[in-house]
Protein chains: 2
Amino acid sequence: MPLNPALLDQLSAIFGDRLSTSAAVREHHGKDESHFPPCPPDAVVFALSTAEVAAAVKACAQHQTPVIAFGTGTSLEGHVAALRGGVCVDVAGMNAVLGVRPQDMDVTIQPGVTRKQLNEYLRDSGLFFPIDPGADASLGGMAATRASGTNAVRYGTMRDNVLSLEVVLPDGRVIRTASRARKSSAGYDLTRLFVGSEGTLGIITELTLRLQGIPEAVSAAVCPFPSVEAAMQTVILTIQSGIPVARIEFLDEVMADAVNRYSKTDHAVAPTLFFEFHGSAAGVREQAEKVQAIAADFGAPDFRWATSAEERTRLWAARHNAYYAGIALKPGCRAWTTDACVPISRLADCLMETRADLARCSLTSAIVGHVGDGNFHVMLLVDPKRPEDSAEAEAVNRRIVRRALAMDGTCTGEHGIGHGKMEFLDEEFGDGLDVMRRIKAAIDPQGIMNPGKIVS
Amino acid sequence: MPLNPALLDQLSAIFGDRLSTSAAVREHHGKDESHFPPCPPDAVVFALSTAEVAAAVKACAQHQTPVIAFGTGTSLEGHVAALRGGVCVDVAGMNAVLGVRPQDMDVTIQPGVTRKQLNEYLRDSGLFFPIDPGADASLGGMAATRASGTNAVRYGTMRDNVLSLEVVLPDGRVIRTASRARKSSAGYDLTRLFVGSEGTLGIITELTLRLQGIPEAVSAAVCPFPSVEAAMQTVILTIQSGIPVARIEFLDEVMADAVNRYSKTDHAVAPTLFFEFHGSAAGVREQAEKVQAIAADFGAPDFRWATSAEERTRLWAARHNAYYAGIALKPGCRAWTTDACVPISRLADCLMETRADLARCSLTSAIVGHVGDGNFHVMLLVDPKRPEDSAEAEAVNRRIVRRALAMDGTCTGEHGIGHGKMEFLDEEFGDGLDVMRRIKAAIDPQGIMNPGKIVS
């Protein structure tokens with residue numbers, strides 16, 4: 001259904017040639033990196049300021065027309081699909097760093113700034129922003145999906161690292177969710193309400209983020225284990241000992257093999273942990289020694305160290321390329337990625353049951369995990385020409401989610417709900433989902449903000 | 001206005017002799033530790049289970065009668081005042097620790113468990129719960145006010161340390177806000193919505209909290225400074241250097257003197273910082289050396305160490321008794337306590353301007369601060385028989401809040417809004433306050449949950 005011509009005229013007056021209804025532009029904005037089919041919006045506007053976003057939302061509100069925010073399109077649960085048509089507001093061009101305050105260790109940015117761009121900008125400041133999902137996502141999108149990544153075990157997720165947001169509400173008003181104070185008890189926590197709201201309550205137009213000091217010393221290591229259980233016991237004891245490990249990442253033997261092939265590394269083909277330690281020179285040494293002793297107790301004495309910056313970069317590039325390494329196992333296939341997260345005490349059980357399940361499955365699969373948080377992803381390789389592959393992946397995903405929920409975990413650790421995981425929210429929250437629905441209806445009574453996502 | 005007799009009958013059927021309408025019991029439940037006059041509820045019920053809380057709320061909802069939750073009554077902004085009468089639900093008797101899971105480093109408790117009770121319970125587990133407001137508050141109340149205390153600079157506030165809540169909604173339904181997974185991207189962040197909601201959206205009946213490992217080594221020190229600015233520069237550089245200080249507390253010279261008199265200590269009468277370091281033996285030594293070097297650079301070489309557990313206990317007891325030490329400066333007076341929090345770069349300015357303001361004020365006053373977070377409290381000593389004292393304290397408080405807001409800070413760092421600070425929410429949030437009002441109306445359409453608090 002094409003847009004109301006009066007709305008198109010209004011948008012044209014605001015955006016001029018930054019309004020597009022071309023098929024190619026719409027197609028690009030209707031799909032993310034997930035396996036879901038594209039669902040293009042009716043029009044795309046390329047916003048350059050908060051005022052423009054507010055004007056676009058206001059115009060759409062007048063015409064009861066859906067509005068979908070778009071950053072880099074790297075979400076994984078169909079977050080940007082225009083299920084009911086409408087206008088996509090692309091904020092990628094709002095990519096200015098507005099101010100770094102080293103004394104306060106915070107930064108204010110526009111939502112289109114990506115995580116790599118931000119850290120590049122910060123390079124000489126002695127500060128960095130730790131959160132690193134696989135993709136070079138926009139920080140507006142990362143806040144909207146409550147993203148995390150490999151460093152969350154030490155530095156938390158977007159939930160913990162956003163100090164304040166500027167948000168355009170569904171009626172076009174602009175609010176700021178909090179001051180820059182490090183803590184506050186002033187009223188309902190609007191910042192945390194919008195972090196993870198996936199564009200369904202408003203559009204994020206500015207973010208103030210906490211920064212971390214670049215550690216004085218960093219070291220990293222790779223360690224193969226005799227079994228998945230031994231690796232998990234090492235993880236649990238490391239966390240329980242209060243060792244402030246910065247990264248503790250798991251790869252199963254399939255993924256270790258895939259990484260070797262793809263990144264020309266020679267890791268043992270075994271369940272493997274990748275570690276990183278941040279701190280003072282002495283502190284890093286101490287942490288590493290403790291973890292090494294724990295791993296040895298679980299039968300894994302073979303730590304391979306990467307102490308130079310180059311070695312570390314190579315190691316983590318191999319880890320970050322795990323997704324592509326996995327896909328390369330079966331050329332022509334696409335990846336279906338699951339995202340369960342359980343209490344760490346249940347992680348070994350959850351992984352073992354999942355591996356048994358995967359052994360009965362016809363699809364090639366590999367596992368990676370941010371195991372310090374209890375979060376893991378199964379990559380299922382699906383031939384897009386075989387609908388039975390997708391059906392099987394979907395069934396595996398559903399079983400993984402239900403297994404996680406039964407272990408007091410969550411249906412998504414870091415990818416979000418989009419429209420791909422809505423069916424599980426009821427199981428996870430019961431009447432809590434009704435509270436979410438009431439919040440949605442109260443803040444977006446017309447239901448125009450990214451409709452069909454999180455709550456219906 | 002007495003309660004509807006039908007409601008009283010219903011409550012009596014549920015609670016038997018755990019329902020009280022006696023003046024003494026009602027009076028006790030209508031006041032907290034603030035300067036506000038008591039405002040007693042019409043009846044008090046002493047709940048022992050979630051089912052009882054749910055039944056009480058359901059009965060009140062049927063009769064459109066206010067419901068106010070009560071823990072230890074140690075709030076500071078009139079949070080428990082029954083401004084529109086109604087039923088107080090005292091949950092102090094719901095004080096069981098339901099389960100500690102050392103592998104997951106979390107614990108599930110009932111809301112009446114106090115922070116000291118919890119840490120006493122955990123004593124032999126190697127774990128502790130870090131958040132320590134001055135009072136031995138109930139953890140349900142601490143969650144409801146988003147409390148913090150001296151350790152927040154290292155361990156965060158209640159916002160960061162609540163994994164999940166069980167909540168009785170305003171219609172009597174019971175929800176759980178989250179699983180026990182360490183992180184989740186599943187829908188709106190209901191946990192953070194209820195943390196800090198001060199009983200206005202529901203009653204917390206169970207909490208799952210993150211725990212920390214008891215550090216291998218702890219050391220503490222006291223250091224007097226030549227000026228407030230020198231102390232603040234030391235704080236800023238300590239935080240900016242990424243030193244994971246566990247506590248960094250400020251006392252002005254009036255408070256240092258008051259503490260000496262009250263706790264028989266002999267600290268220098270000067271602007272003073274109290275430090276605590278947690279970590280491995282080597283890590284603590286390294287942290288302490290770095291901070292000592294920073295302080296020396298700002299003209300404060302005189303660190304007095306408290307390394308034994310006994311010395312540390314004495315030191316922190318003196319700090320925790322600062323409130324009573326302050327009151328003892330003028331026998332017969334009560335304390336009016338402010339609670340501003342600003343970005344740390346503005347803390348020195350905010351403190352200096354506040355000190356200049358206090359110098360023009362006729363009231364005796366002293367300052368303490370959780371300065372690693374940018375949070376400080378001015379204690380103003382008010383003679384309850386002199387209304388002009390209260391008027392002056394109120395005016396000072398208002399100027400402190402406006403000064404903090406002008407510096408991009410918040411009107412309350414950790415005490416909450418209650419009815420004492422509602423006038424400032426509009427200034428702090430603008431249209432964001434409208435979002436809060438909509439949330440309140442959506443979740444509590446009858447407006448029965450702790451009415452007259454946070455939003456009207």
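Residue positions are given per chain, counted from 1 along the sequence in the order it is written. Chain letters and ligand numbers both follow the written order, the letters beginning at A and the numbers at 1. For this predicted model, a pLDDT threshold of at least 70 governs which residues receive local features, and a threshold of 80 or more governs which side-chain atom pairs are given and counted, while totals over whole chains, interfaces and linings are taken from all residues. The side-chain quantities take in all heavy atoms of the structure and omit both hydrogens and water.

Asks: Summarise the UniProt feature "domain: FAD-binding PCMH-type" (unreviewed entry) in chain A; cite the residues concerned and give the values.
Replies: When the UniProt feature table is mapped to this numbering, "domain: FAD-binding PCMH-type" (unreviewed entry) covers residues 37-214 of chain A. A run of H or I in DSSP counts as a helix once it spans at least four residues, and a run of E counts as a strand once it spans at least two, with each numbered from the N terminus. Between the end C-alpha atoms of residues 37-214 of chain A there is a gap of 41 Å, over a span that is 22% helix and 24% strand. UniProt positions are given in the numbering used here, feature names are shortened, and annotations may be inferred rather than shown by experiment.

Asks: Tell me what's going on with the domain arrangement of chain A, and back it up with residues and numbers.
Replies: Residue and element names in this part refer to chain A. For chain A, the assigned domains read domain 1 (5-90), domain 2 (97-213), domain 3 (217-324) and domain 4 (330-426). Here domain 2 and domain 4 have C-alpha centroids that lie 28 Å from each other. Any two residues whose heavy atoms approach within 4.5 Å are treated as being in contact. If you look at the interface, domain 2 gives 9 residues, while domain 4 gives 9 residues. Each of two parts loses accessible area, computed with a 1.4 Å probe, when they are put together; buried area is these two losses added. Both faces considered, domain 2 and domain 4 share a buried interface measuring about 560 Å² in area, 41% of it formed by carbon and sulfur atoms. Think of a salt bridge as a Lys or Arg side-chain nitrogen and an Asp or Glu carboxyl oxygen that are within 4 Å of each other. If you look at where domain 2 meets domain 4, you find 0 salt bridges. Polar contact criterion, stated in full: a pair of N or O atoms within 3.5 Å, where within protein one must be able to donate a hydrogen and the other to accept it, and residues adjacent in sequence count only if both atoms are side-chain atoms. Run the count over domain 2 and domain 4 and you get 5 residue pairs in polar contact (both at pLDDT 80 or more). Amino acid classes used here: Ala, Val, Leu, Ile, Met, Phe, Trp, Tyr, Cys and Pro are nonpolar; Asp, Glu, Lys and Arg are charged; the rest, including Gly, are polar. Of the residues that constitute the side of domain 2 that touches domain 4, the class distribution is 3 nonpolar, 4 polar and 2 charged. An automatic or database domain assignment supplies the residue ranges for each domain.

Asks: Outline the side chain of E249 of chain B, listing residues and values.
Replies: Locating E249 of chain B in the fold gives a position in strand β13 (residues 247-251). At a separation of 2.8 Å, a polar atom in the side chain of E249 of chain B contacts the side chain of R319 of chain B.

Asks: Lay out the interface of chain B and chain A in plain terms, naming residues and giving numbers.
Replies: Between chain B and chain A, the residue contacts involve 82 residues of the former and 82 residues of the latter. Buried surface at the junction of chain B and chain A, both sides included, amounts to about 6600 Å², of which 54% is carbon and sulfur. Among the residues chain B hides against chain A, the three largest losses belong to K183, S185 and Y188 of chain B. Together they make up 15% of the total. At the boundary of chain B and chain A, one finds 14 salt bridges. Notably, a salt bridge pairs E216 of chain B with K290 of chain A, separated by 3.3 Å at the nearest N-O pair. Counting every contact that joins chain B to chain A gives 46 residue pairs in polar contact (both at pLDDT 80 or more). When residues in the side of chain B that touches chain A are grouped by element, the largest group, 10 residues, is from helix α17 (residues 431-443) of chain B. The class makeup of the residues in the side of chain B that touches chain A is 31 nonpolar, 27 polar and 24 charged.

Asks: Tell me about the sheet that holds strand β4 (residues 87-90) of chain A, and please be specific about residues and values.
Replies: Residues and elements named next belong to chain A. Reading across from one edge, β1-β2-β4-β3 is the order of the 4 strands in this open sheet, with mixed pairing throughout. Looking along the sheet, the strands with just one partner apiece sit at the ends: β1 (19-20) and β3 (67-70). Examined bridge by bridge, β1 and strand β2 (residues 43-46) share 2 bridges and lie antiparallel to one another. Bridged to L19 within β2 is V45. Note on geometry: axes are lines fitted to C-alpha atoms, helical ones only across the stretch in contact, with angles between N-to-C directions running from 0 to 180 degrees. The strands that helix α3 (residues 50-62) touches are β2, β3 and β4; relative to β4, the one it contacts most, it runs at about 170°. Here the rule is simple: two strands pair whenever DSSP picks up at least two bridges between them.

Asks: Go over the state of the cysteines with me, naming the residues and quoting the values.
Replies: Here, two cysteine sulfur atoms that lie within 2.5 Å of each other are counted as a disulfide. Counting across every chain of the model gives 0 disulfides over all chains. For the unlinked cysteine C361 of chain A, the closest cysteine sulfur is that of C333 of chain A, found at 12 Å. For C361 of chain A, a relative accessible area of 12% corresponds to the buried category. The closest cysteine sulfur to the non-disulfide-bonded C39 of chain B is located on C88 of chain B, 12 Å from its own sulfur. Exposure categories follow from relative accessible area, calculated using a 1.4 Å probe and restricted to protein chains: below 20% of the type maximum is buried, above 50% is exposed, and the middle band is partly exposed. Owing to a relative accessible area of 22%, C39 of chain B belongs among the partly exposed residues under this scheme.

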